[in-house]
Each structure stands twice: as C-alpha cells, then as structure tokens.
Amino acid sequence: MDNNCLQCTCLHPVGVGCCETIHRPVDFPAWCEIQVDSLTCRVSLVQAADPRLPCIPGESRDPVHGSLQQQLEG
C-alpha cells in the first residue's frame, strides 16, 4: 500500500494494477465533505464550513438530506 491509500499488484505481463483501499461514502448532505487521512487511510465526514467538526446527517443543520428519497416516494 502506498501513501495514497492504493494497493498495487503486478499484473505480469500487462503492467501494474492499483485499487483504492478506502470506502468513500456516497450519500451524504451537501454541507458535508469527505476527509481522508493519508497516513491511516481513514475516511471521515466533516462539515464543509468547518472541517474540524464532524458531519452527522440528521442534525438540524441537515434539512434536505433524504429529500430525493421523499420525492421518489411521493
């Protein structure tokens, strides 16, 4: 594994193949962003306005999260 959270392997005779070893969240509020620690390859959701604070979907700052699902059902 390298410092970009990639695991690479030799695919002789083709070359080298690499895969990202982290799992990135795909459904989170717009006011959040993904933060990756390149030393530990740990992924965190943080608030875009203040990356020191965690993003916790469902808090009062999150009025539109899940609105797509509501539109699909309704």
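This one's a predicted model, so the numbers in the text were calculated from it and none came from an experiment.

Colleague: Tell me what's going on with the pattern of salt bridges, and back it up with residues and numbers.
Modeller: Opposite charge on two side chains lets them pair, provided their charged atoms get close. Under the definition given, this model contains two salt bridges. As a salt-bridge pair, Glu-20 and Arg-24 come within 3.0 Å of each other at their nearest N and O atoms. The class of Arg-24 is partly exposed, set by a relative accessible area of 42%. With a shortest N-O distance of 2.9 Å, Arg-52 and Asp-50 are connected by a salt bridge. By relative accessible area, which is 72% here, Arg-52 ends up exposed.

Colleague: Outline the pairing of strand 2 (residues 15–20), listing residues and values.
Modeller: Bridge analysis of strand 1 (residues 6–11) against strand 2 gives six bridges, and the strand direction is antiparallel. By the bridge assignment, Leu-6 is partnered in strand 2 with Glu-20.

Colleague: Kindly report on the state of the cysteines, identifying the contributing residues and their values.
Modeller: Counted according to the given criterion, the structure contains three disulfides. Two residues, Cys-8 and Cys-18, share a disulfide whose sulfurs are 2.0 Å apart. Note on the Cys-8 and Cys-18 pair: the S-S dihedral is about 110°, so by sign convention the disulfide is right-handed. Of the two residues, Cys-8 sits in strand 1 while Cys-18 sits in strand 2, which places them 10 residues apart along the sequence. What pairs with Cys-32 in a disulfide is Cys-55, and their sulfur atoms sit 1.6 Å apart. The sign of the 60° torsion about the S-S bond sets the Cys-32-Cys-55 disulfide as right-handed. Remark: Cys-55 occurs in the loop between strand 4 (42–47) and helix 1 (67–73) and Cys-32 occurs in strand 3 (residues 32–37); sequence separation between them is 23 residues. The two residues Cys-32 and Cys-55 agree in class, both being buried. With its bonded cysteines labelled in order along the sequence, the chain shows the pairing 1-5, 2-3, 4-6. Its sulfur unpaired, Cys-19 is 7.5 Å from the next cysteine sulfur, which belongs to Cys-18. Judged by its relative accessible area of 53%, Cys-19 falls in the exposed class.

What counts as what
- Residues numbered from 1 in each chain as written.
- Predicted model: local features only at pLDDT ≥ 70, side-chain atom pairs only at ≥ 80, totals over all residues.
- Heavy atoms only, no water.
- Salt bridge = Lys/Arg side-chain N within 4 Å of Asp/Glu carboxyl O.
- Buried < 20%, exposed > 50% of the residue type's maximum accessible area, 1.4 Å probe, protein only.
- Pairing = 2+ DSSP bridges.
- Helix = DSSP H or I, 4+ residues; strand = E, 2+ residues; numbered from the N terminus.
- Disulfide = S-S within 2.5 Å.

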